[in-house]
Amino acid sequence: MTSKLHPETSANRAGRTRRAGPFALLIMLALAIATALLVTAIVGSLGEPPSSATPVTGGDPLASTGTGAGAAPLPGDGRLGGGVTVFDDGEAAIANLDPALLDAVRRAATDAEAAGIAFVVNSGWRSAEYQDELLQDAIAEYGSAEEAARWVATAATSPHVQGDAIDLGWWEATTWLSEHGAAYGLCQIYANESWHFELRPEAVDDGCPEPYADPTEDPRMQR
């Protein structure tokens, strides 16, 4: 509102306009520069490729060709994250398994899937270094090497290091495989490890052997 004591004249308005003019131009210029810089940054980022143009497979990019006799081992120590399946060739824990074991497990997984049951791999092939680490962790957890041996083998004796064993989940999968695994030559080896399976080809005709109570009863662990 205009004050009656200081009425605004045309001259006053013109003077204020002249004073505000340069300041307004500076603001407009600054906004224009900022807008140009923002547009340049956006356009530039759209033109840049992602930092990793090749999908991460967890190992050798040639892993998708699969495994087989004479295939080079896939790099890695065998550690797995969640949700890995027996068909994930990009994981060293899967790709470095014995080909006959892997074939049997995949055939079983395919048939189990038809029954609505999925196989999840908790562990497969492991490097000797990773196996040693697991053993040391078990000794710390169970308090002695003797007790740890009921659950974790040494690198020299573990079938995981040789690619001859696979640990599966969940409960439905291990239950299904304990009932149907012999048809594929897949057997539970230890009574205290319902998740641990190895290939026993003779089981297709003769059935799986009685499991050991735990690995300490397995003659292979005495080497």
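Values in this document were obtained by computation on a predicted structure and should not be read as measured data.

Caption draft 1: How the structure looks around the packing of aromatic side chains. Enumeration over the complete set of coordinates arrives at 4 aromatic pairs. Ring geometry for tyrosine 142 against tryptophan 151: centres 6.2 Å apart, planes inclined by 15°, an arrangement best described as stacked. On the accessibility criterion, tyrosine 142 (35% relative accessible area) is partly exposed. The class for tryptophan 151 is partly exposed, based on a relative accessible area of 27%.

Caption draft 2: Looking closely at the sheet that holds strand S3 (residues 186–190). Pairing is antiparallel across the open sheet formed by 4 strands, whose spatial order is S1-S2-S4-S3. The open sheet terminates on both sides in strands that have one partner only, identified here as strand S1 (120–123) and S3. In this sheet, neighbouring strand axes are inclined to one another by 50° on average, regardless of whether the strands run parallel or antiparallel. Bridging between S1 and strand S2 (residues 165–169) involves 3 bridges; their strand directions are antiparallel. In the sheet register, serine 123 faces S2, and the bridge partner there is aspartate 167.

Caption draft 3: Layout of the state of the cysteines. For the structure shown, the criterion picks out 1 disulfide. Sulfur-sulfur distance for the disulfide between cysteine 187 and cysteine 208 comes to 2.1 Å. Looking along the S-S bond of the cysteine 187-cysteine 208 disulfide, the torsion reads about -85°, which is the left-handed sense. Taken together, the residues cysteine 187 in strand S3 and cysteine 208 in the segment after helix H7 (203–206) connect sequence positions 21 residues apart.

Conventions used here
Residues numbered from 1 in each chain as written. Predicted model: local features only at pLDDT ≥ 70, side-chain atom pairs only at ≥ 80, totals over all residues. Heavy atoms only, no water. Phe/Tyr/Trp six-rings, centres within 6.5 Å; stacked < 30°, edge-to-face > 60°. Buried < 20%, exposed > 50% of the residue type's maximum accessible area, 1.4 Å probe, protein only. Pairing = 2+ DSSP bridges. Helix = DSSP H or I, 4+ residues; strand = E, 2+ residues; numbered from the N terminus. Axes fitted to C-alpha atoms, helices over the stretch in contact; angles between N-to-C directions. Disulfide = S-S within 2.5 Å.

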